[in-house]
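# Observations on the model geometry
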Amino acid sequence: MSEAVVEVHADHADHGPAKGLSRWLFTTNHKDIGTLYLWFSFLMLLIGGTMALIIRAELFQPGLQFVQPEFFNQMTTNHGLIMVFGAIMPAFVGLANWLLPMMLGAPDMALPRMNNLSFWILPFAFGLLISTLFMEAGGPNFGWTFYAPLSTEYAPETVTFFIFGVHMMGASSIMGSINIIATILNMRAPGMTLMRMPLFVWTWLITAYLLLAVMPVLAGAVTMMLFDIHFGTSFFNAAGGGDPVLFQHIFWFFGHPEVYIMILPAFGIVSQIIPTFSRKPLFGYDSMVYATASIAFLSFIVWAHHMFTVGMPIAGQLFFMYSTMLIAVPTGVKVFNWVSTMWRGSISFETPMLFSIAFVVLFTIGGLSGLMLAITPVDYQYHDTYFVVAHFHYVLVPGALFSIIAAVYYWLPKWCGKMYDESLGKLHFWLSFIGVNITFFPQHFSGLAGMPRRIPDYALQFADFNMVSSIGAYIFGFSQLLFLYLVIKTIRSGRQATDRVWESAHGLEWTLPSPAPYHTFTTPPKITEAEAHS
Amino acid sequence: MPKVNKNWLQGVVGLGLALLPFGARADELNMPRGVTEISRSVYDLHMLIFWICVVIGTVVFAVMFWSLVNHRKAAGHEAAQFHESTQMEIIWTLVPVLILIGMAFPATQVLIQMYDTGGEDMTVEVRGYQWRWQYKYLDEDYNSTFGFFSSLTTPIDQRYNRTVKGENYLLEVDNALRIPINRKVRFLVTSEDVIHAWWVPDFGIKRDAVPGMLNELWTIVEEPGIYRGQCTELCGKDHGFMPIVVEALPEAEYDAWYAQRLELEAARKKALSQTFSAVELMTQGEQIYNTFCTSCHMPNGKGVPPVFPALDGAEIATAPRRADHFEIVVNGKTGTAMQAFGRQLDAAQLAAVIHYERHAWSNNAGDITQPSDIVEFMSGQQ
C-alpha cells in the first residue's frame, strides 16, 4: 500500500544524501544516524572485546605474566564501561533510529538535529575516556561501578576525565531517549494505535522512560564525586560526615534500571523475530506489553540487591529480596510467550532465528542464576565472585548482544538491499554460541568454589576453569571478526534482497523497497487492524 | 533443515564432554558445605534453589526443543494461528508466584538466623587496609587488648612465575586470625581506607568493610582447622593479594595462646622506651619493609616510577633532615597511595623501618633512628 508513496518520493533526487564526509557529520537523516550508531558501537565492541581478551590472557594461568595489577584493574574497568555505554546502549539506539520511523510509518525521528548531536557527542565522550589510558596516572581503575572512596580520595588524577566522559554519555542518552519518546508519541501513522505498535517499539518506549528517569541520577552521582574530589565536599567521605554507602545506593538506583535498559529492547527484537520464523503471530501481545512495563516498574525498587553485603537492617534485606524475586514473574511470562509462539508453528532456522533461540535459552539460564542471586542468605556466598560474573555475562552477551546481532541479520537486507551469506551467518552463530558457553559456563563453577571477581591472579584450585574460560573467550572474540567480514561482504556483493525479505515478516518496514529509500513514509500510510503487529 | 537440529545436539553434547575432565574435583565445582550451622543452612538453601531452577529450566527447554524438532517447516509442519489465552497467562503467572513463595520461606528463616547477633563469647575487630587485614581482640568494654596485621606471605617470585607455586598460593598469611571452636565469636568489620569485604566461605559469612561504619558478623565454628578466604570488594592494586586465613583452635589451646599473646603485648609496650643497635634496627626494619612497603616501592627500593617513587637514592631517605622522612611515613601523602603508617605501626616499628630505608641499598644517611625519636616527632606535631 505504501510502495506507491515511496516510489513517488524516490524521484526527489535533491533529497538524497550529501556527498563525502559532510553527509555523516551534518546528517539529520534517521537512517544515516542509525548507521553511525551501529558502526560506532561495533568499534566499541572490538575495543572493549580487546580489553576482555587482555584480561583472559592474564587469567589463562595463575601468576602474573602479561600485565601488572594496576593495568589489569584499568582493563576490567574500561571493559565494563565501554561495553555498557559504548557497545550495547548505542547499538540499541542505532536500531531504534533505523527502525522506529519505518515501523511507525513516520518520515524521520521527531527531533532530527538533536539526533545528530546525541550521536556526535559519543565519539568525544569515549575519546576522553580512552585517552586516559595513555596518561601518566593511568585510566580509571576502580571498576565500572566506581565505588567511593576508591573512585574519589583514592582515584588516579584522570578520574576527572572519566567524570566528564560519563556526563557526556549521559547527555547523549537523555537526548536520544527524549527523541525516541517524542517520535513514538507524536509521529505514528494514522491507525497506528499504541496497542498496534510492534513490540520493538513498545520495549523502546518503556526503555526511553527508564533512561530519562535514571541518567540524571548517574549524572548526580558523578557530580557529587567531582565535588568531593575538587571542591572539598564530603558526600561520600565518612571522615567529613558523608557516607560511602550512599554512593552505592545512588549508583544502583541508576544501575538496576540501567541493566533493564540493556535488555528490554532485546526482548522487543526477539519478539519480532520469533513470530516471523515460526510463521505464527506472537502468542500474547498484550501480556508482553504489560510484562515489559512491570519489569520496568520493578527495576526501580530492587536496587539494593546489589548491596546485600553492605550491612543493612534485616527489614531492608527482606524487602529487596522479595521485590527482586518478583521480577521472575513477568520475565517468566516473556519466556513462556516466546515458547508458546514457537509451539505448533512452522519453524525455520535462518541466522536471526538461531540467535533468537539461543537468546531464549541462554538468557533464561542467566535469569535463573539471577533468581539464585536474589536469595539474600545465599547471595552472601555468591556476592562479588565469578558466579556473578557468569550471571551478568549470560544476560548481557547471549542476551543483549545476541539480540543485537540477530537484529542486524534480520534487518540488514532491508537496510542495504542485499542478502547476507546464510552459511557464513550460521558459522558465525555456531562459533559464537559455543564460544560464549565455553567462556562463561565454567565461571559459575569458579565462583561457587570461591574465586572473587576483579582479581589479576588466583589460587591454584581455580586454574582449570580459568583456562577453559580463556580459550572460549578467544573463540568468541575472533568469531566477531567473521561477523564484520560477513557484513562488509553483504554490503559490497550480496545478492539483491526482496522487499519482504522473509516470507512471513510482518510490519510496515517490510512494505518498503529493499534497500529502504533515503526518505520513507513522507506521506503516512494508513494502518488497519489486519496489518498491525505480527 | 534437519541438519540444524543435529548441530544443536552436537553442540550441547560436545560442550558437556569438553567440560567433563575438569569436573573431577568437588571443591572446584560447588560451594563448600562449610563448618558452621549457618554455612550448612546456606548450602542446603543453595542446593534447593539450584534444583528448582534446574527443573524449571529443563521443563521450559524440553517443551521448546520438542517444538523445534517437531514443528519444523522442513518437516512439513503447517503453522497453527492461535494466539492470546487469558487462561494460560493466568496459569503461568500464578504458578511461578507459588514457587517463589515456596522459596521465600526457607530463605527468610536462614536470614533471620544469620541476623541473630548478640550473646557472643568474644569480639574481634576486623579492619581492612590497602592491602592487608588487621585483627584486634577486644575486651568487654571494646578496648583492644592486642592486635596484629595479617599480610600475604606468598613470595613475589612465585607470583611472577620465577619459582614453583606453593600449595596455598595467594591464600597464605604471616599471622592468621585465631579463634576458638564452639564459642560464639562476633566480628566488627570496618575499614581504614577504601571498601573491602571480609569473607570466609567455610563459615558462610561475608560482609563489606566500609570506612566509618561498623558491620556485625558472627560465627560458631565446629571443627578445628585452617580456613581460607579472600577480600571480595575491589580495593585497588593489590585487591587480589589480601587473603583471609582463620585458624580455629580447640578451646584450651586457644586460651593458652591468648594468655601468651597478652604477655607479648606487655613486652612490646616496654620496647617503645628502649634503644636499639643499628644492626637490630636493620633486621627488624627489613622485615617490616618487606611486609608493608615492597608492594609499591619494590624489594630493591626502585619503586615503579612515576606512580610509586624509588627510595633507593631518594633525597627524602638520605638528606640529613629526618623530619620530612618521618612526616611522609607517619602521616602519608594525601592523593597518593602512600598511607599514614603512624596509624598502623608502633614507634619501635616505625623507627626500624625508617632506619632501614635510610641505610638499605645504596642509601647511607649515617644516622640512627630510635623509637624515642618517633614518639618525639609524633607528640611534637600535635
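Numbers given for residues are sequential positions, taken from 1 along each chain in its written order. As a convention, the first chain written is A and the first ligand written is 1, with the rest following in written order. The model is predicted, so local features are restricted to residues of pLDDT at least 70 and side-chain atom pairs to those at 80 or more, both for listing and for counting; the totals for chains, interfaces and linings are taken over all residues. Side-chain figures throughout are based on the complete set of non-hydrogen atoms in the structure, without hydrogens or water.

### Section: the pattern of salt bridges
All names here are of chain B. Here, a salt bridge means any side-chain nitrogen of Lys or Arg that lies within 4 Å of a carboxyl oxygen of Asp or Glu. Scanning the entire structure with this criterion turns up 22 salt bridges over all chains. A salt bridge links E120 to R186, with the nearest nitrogen and oxygen atoms 3.5 Å apart. With E120 in the loop between helix 3 (86–114) and strand 1 (122–129) and R186 in strand 5 (residues 185–191), this pair connects stretches of sequence that are 66 residues apart. For each residue, the accessible area found with a 1.4 Å probe, counting protein chains only, is set against the maximum for its type, and the residue is called buried under 20%, exposed over 50%, and partly exposed in between. For R186, a relative accessible area of 9% corresponds to the buried category. Between K237 and D238 there is a salt bridge, and its shortest N-O distance comes to 3.4 Å. The pair formed by K237 and D238 is uniform in burial state, with each residue classed as buried. Taken together, the salt bridges that share partners define one network made up of E125, R127, E192 and R343. We count a stretch as a helix when DSSP gives it H or I for four or more residues in a row; a strand needs E for two or more, and each element gets its number in order from the N terminus.

### Re the interface of chain B and chain A
How big an interface is tends to be reported as the loss of accessible area on association of its parts. With 101 residues of chain B at the contact, the number on the chain A side is 109 residues. Our count for the contact surface shared by chain B and chain A stands at one salt bridge. K73 of chain B is the partner of E503 of chain A in a salt bridge, and the nearest nitrogen-oxygen pair spans 3.2 Å. Counting only elements with at least two residues in the side of chain B that touches chain A, the list comes to helix 1 (2–19), helix 2 (37–70), helix 3 and strand 7 (205–209) of chain B. What makes two residues a contact is simply this: any of their non-hydrogen atoms within 4.5 Å.

### Considerations on the sheet that holds strand 2 (residues 132–138) of chain B
Residue and element names in this part refer to chain B. One open sheet holds the five strands; their spatial order is 3-2-1-5-8, and the pairing between them is mixed. Edge positions in the sheet fall to strand 3 (144–150) and strand 8 (215–219), since each of these pairs with one other strand and no more. Each strand axis lies, on average, 25° off the axis of its neighbour in the sheet, ignoring direction. The pairing of strand 5 with strand 8 spans five bridges and is classified as antiparallel. The residue of strand 8 that forms the bridge with F187 is L217. Axis definition: a line fitted to C-alpha atoms, limited for helices to the stretch in contact. Angles are taken between N-to-C directions and run from 0 to 180 degrees. Running at roughly 95° to strand 3, helix 5 (residues 251–271) makes contact with strand 1, strand 2 and strand 3 of the sheet. At least two bridges found by DSSP between two strands are what make those strands a pair.

### Structural notes on the sheet that holds strand 4 (residues 177–180) of chain B
All names here are of chain B. Ordered in space as 4-10-9, the three strands form an open sheet in which the pairing is mixed. The sheet is open, and its two edges are formed by strand 4 and strand 9 (225–230), each paired on a single side. In this sheet, adjacent strand axes meet at a mean angle of 25° when their direction is disregarded. Judged from the six bridges that link them, strand 9 and strand 10 (residues 243–249) form a sheet pairing that is antiparallel. The partner of Y227 across the bridge, within strand 10, is V246. In the packing of helix 5 onto the sheet, the strands contacted are strand 4 and strand 10, and the crossing angle to strand 4 comes to about 130°.

### Focus: the domain arrangement of chain B
Residue and element names in this part refer to chain B. What the domain assignment lists for chain B is domain 1 (28–73 + 84–116), domain 2 (122–270) and domain 3 (274–380). Where each domain begins and ends follows an automated or database-derived domain assignment. Here the C-alpha centroids of domain 1 and domain 2 sit 35 Å apart. Contacts between the two partners involve twelve residues from domain 1 and, on the opposite side, 13 residues from domain 2. By buried area we mean the combined loss of accessible area, with a 1.4 Å probe, across both parts when two parts are placed together. Taking both sides of the interface into account, the surface hidden between domain 1 and domain 2 amounts to around 960 Å²; carbon and sulfur atoms contribute 50%. A per-residue breakdown of the area domain 1 buries against domain 2 is headed by V35, T36 and D116, which together make up 48% of the total. Linking domain 1 to domain 2 there are one salt bridge. A salt bridge links R40 to E222; its shortest N-O distance comes to 2.9 Å. Any pair of N or O atoms that falls within 3.5 Å is considered a polar contact. Within protein, one atom must be able to donate a hydrogen and the other to accept it, and sequence-neighbouring residues count only if both atoms are side-chain atoms. Run the count over domain 1 and domain 2 and you get eight residue pairs in polar contact (both at pLDDT 80 or more). Taken together, the elements giving at least two residues each to the side of domain 1 that touches domain 2 come down to helix 2 and helix 3. Here the residues of the side of domain 1 that touches domain 2 sort into five nonpolar, four polar and three charged. Gly is put with the polar residues, along with every residue not named as nonpolar or charged; the nonpolar set is Ala, Val, Leu, Ile, Met, Phe, Trp, Tyr, Cys and Pro, and the charged set is Asp, Glu, Lys and Arg.

### Notes on the state of the cysteines
Residue and element names in this part refer to chain B. The criterion for a disulfide is a pair of cysteine sulfur atoms lying within 2.5 Å. If you walk through the whole model with that rule in mind, you get zero disulfides over all chains. No disulfide involves C235; its sulfur sits 3.9 Å from the nearest other cysteine sulfur, which is in C231. Here C235 falls in the buried class, since its relative accessible area comes to 0%. In this structure C296 is not part of a disulfide, and its nearest cysteine sulfur, from C293, lies 9.0 Å away. Judged by its relative accessible area of 12%, C296 is buried.

### Topic: the packing of aromatic side chains
Residue and element names in this part refer to chain B. Geometry of aromatic contacts follows a simple scheme: Phe, Tyr and Trp rings, the Trp one being its six-membered ring, pair when their centres are within 6.5 Å, and the pair is stacked under 30 degrees between planes, edge-to-face over 60, tilted otherwise. Taken as a whole, this structure holds 74 aromatic pairs over all chains when the rule is applied. Ring centres 4.8 Å apart and planes at 45° place the aromatic pair F187 and W198 in the tilted group. Remark: W198 occurs in strand 6 (residues 196–200) and F187 occurs in strand 5; sequence separation between them is eleven residues. The exposure classification of F187 matches that of W198, with both residues buried.

### Focus on helix 9 (residues 264–278) of chain A
All names here are of chain A. Expected span of a helix, by definition, is 1.5 Å for each gap between consecutive residues, and there is one gap fewer than residues. Here helix 9 is 15 residues long and its end C-alpha atoms lie 21 Å apart, about the 21 Å a rise of 1.5 Å per residue gives. Of all 15 residues in helix 9, 15 are buried, a share of seventy percent or more. Of the residues one or two after helix 9, R279 is the one with positive phi, at around 55°.

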